[in-house]
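Spelled out, the chains give:
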Amino acid sequence: MSAARKITDIERIRHLEPISSLSADQLRELLDTARLECLEPGQPLFAGGDTDTQAVYLLDGSVELRPLDSGGTHPISAGCDEARHPIANDRPRRMTAVAVTRAEILRIDRELLDTLLTWGQISAPEEDVVMSEDGIITINKADWLKSMIKSPTFRRLPPSNIEQLLHRLEPVIVHAGDVIIRQGDAGDYFYMIDQGIALVMRNPDNDEDSIEMAELDSGASFGEAALISDNPRNATVSMRSDGILLRLSKEDFNTLLRQPTLQAVDYAQAAAEVAAGSAAWIDVRLPSEYAHSHLPQARNIPMRALHKEARDLDRSLAYVCYCQTGSRSSAAVFALRNYGIDARVLRNGLQS
C-alpha cells in the first residue's frame, strides 16, 4: 500500500454520492481532510467488525466484499453504480473488503461529510437588509454559513441551532480604534468577525502597559470566556480596521452554542484515558495555584496563554481541562475546540 496522499482534483469526486450535492466550497473543505490510497491485490480496505469513522470510495480497480455471516463474496468495480456510494458503510463493519486488482480508494471523514450535507441543506438568503445602530447594513448570511462551517465548534451544532443562530446574530458596524470589550468589564456578548481585523490586548498587572496577545481576522470569534465562567473580561479587544461584527447575547450564546458543544467527563474515565496515553490533563488555573497542587502529569496552561499555546498542542491526543470548579476549564474547552482540538472538561472540577 502506498502512502496516503491528498486529492486536489474536485472533478474526480463530483460524481460520488452523496458528495455530488455539495457546493464547490464544501467540496474543497472535504478534500482538505480526504486521503487517497493505492492498494495492491490482496490488501484490505477494512475488516469486518471495524468501528472506524471513514466513508470509503473505490475510484479505480476492483475489490471484493466478504460478509462476516456467510461464505459468499461480492465484487465491486470502479465506475459501476455501486462504486459511486461508500463501500459497505455500516458501523461496525459487517463485511471485510479486499483489493482484487490494484485499486485506488478515497477515505473521507464520515462525520465531516454528514455535517457538510446538513449545512448544505440549511437555507440562507444570499443577501438581507437589516437595521443596526449605525443605519442600514446589507449582509450575506450565506457567507456567514461559509465562515461558520470552517469552525470545529460550529460543526458540532445541531441543525436547529444553526438556523436559530442565523436569526439571532446581530450585525454591528465598527470602526478602527473602537474598543469592543474591555478587560475587567462584565461579559454581555459573544462576537464573530464578519469583516475587519481586531487586536487582543491584556494588561496583566493593571498598569499602563498592555501586552498584545493576538490579532483576529474574518471568521475569528472572541468574548466567550467571560460568558462561560461568569468572570470579568480577561482582555481588551479593539478594532484595528473598519469592519462588521456579528454579536450574540449571553443568553443565546449559552443556549445555542455553549450547551451543545461542551463535553464533560468524570475523573475516573479521564484518569483512565490519561493512563492509557490517549489523553492529557491541562490545568488552566494560575501558575501559583498549579504550583501549590495539581494532578500528576498535568500541563499548566492558564487561560490567558491558551490561544497562544493551543496551536502547538498534539492533535492526536484528547485534552481534559480542569480548574477548581469547572468554570474556567469550560471556557478553555470552548476555546480549544475552536482550534479543532478534542477537548473536554473535568466534571465539577477538582472539587469533585
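Scroll up to find the structure.
Keep in mind that what you see is a predicted model, and the values were worked out from it rather than measured.

Let's shift gears to helix α2 (residues 110-120). For the α-helix, the turn length of 3.6 residues means that residues three or four positions removed from each other point alike. Buried residues of α2: R110, L112, L113, T115, L116, L117 and W119, and no others. A side-chain oxygen of the first residue of α2 lies 2.6 Å from the backbone nitrogen of L112; this N-cap is D109.

Take the packing of α2 against helix α3 (residues 141-149) next. In helix packing, the relevant descriptors are the interaxial angle and the interaxial distance, both defined with respect to the helix axes. Direction vectors running N to C along α2 and α3 enclose 170°, while the axes themselves pass 11 Å from each other. Of the possible angle classes, the one that applies to α2 and α3 is roughly antiparallel. Note on packing geometry: the crossing formed by α2 with α3 is right-handed. For the pair α2 and α3, contact is made by T115, L116 and W119 and by L145, M148 and I149, respectively.

Their axes nearest at 11 Å, the elements helix α1 (residues 24-31) and α2 cross at an angle of 165°. Between α1 and α2, the angle falls in the class roughly antiparallel. Considering only the axes of α1 and α2, their crossing is right-handed. Contacts between α1 and α2 involve Q26, E29 and L30 from the former and L112, L113, L116, W119 and G120 from the latter. Partitioning the contact of α1 with α2 into residue classes produces five nonpolar, two polar and one charged.

With that settled, the discussion passes to the pairing of strand β17 (residues 243-249). Most of β17 sits out of view: six of its seven residues are buried. Direction of pairing for strand β10 (residues 170-174) relative to β17: antiparallel, over a ladder of five bridges. Its bridge partner being in β17, V172 is matched across the sheet by L245. Note: strand β12 (residues 189-195) against β17, six bridges, orientation antiparallel.

Calculation criteria
- Residues numbered from 1 in each chain as written.
- Predicted model: local features only at pLDDT ≥ 70, side-chain atom pairs only at ≥ 80, totals over all residues.
- Heavy atoms only, no water.
- Buried < 20%, exposed > 50% of the residue type's maximum accessible area, 1.4 Å probe, protein only.
- Helix = DSSP H or I, 4+ residues; strand = E, 2+ residues; numbered from the N terminus.
- Polar contact = N/O pair within 3.5 Å; in protein donor to acceptor, adjacent residues only side chain to side chain.
- Axes fitted to C-alpha atoms, helices over the stretch in contact; angles between N-to-C directions.
- Parallel < 35°, antiparallel > 145°, perpendicular 65-115°, else oblique.
- Left-handed = near helix turned anticlockwise from the far one by under 90°.
- Contact = heavy atoms within 4.5 Å.
- Nonpolar A, V, L, I, M, F, W, Y, C, P; charged D, E, K, R; others polar.
- Pairing = 2+ DSSP bridges.

Everything listed here is a matter of geometry and, on its own, says nothing about what the molecule does.
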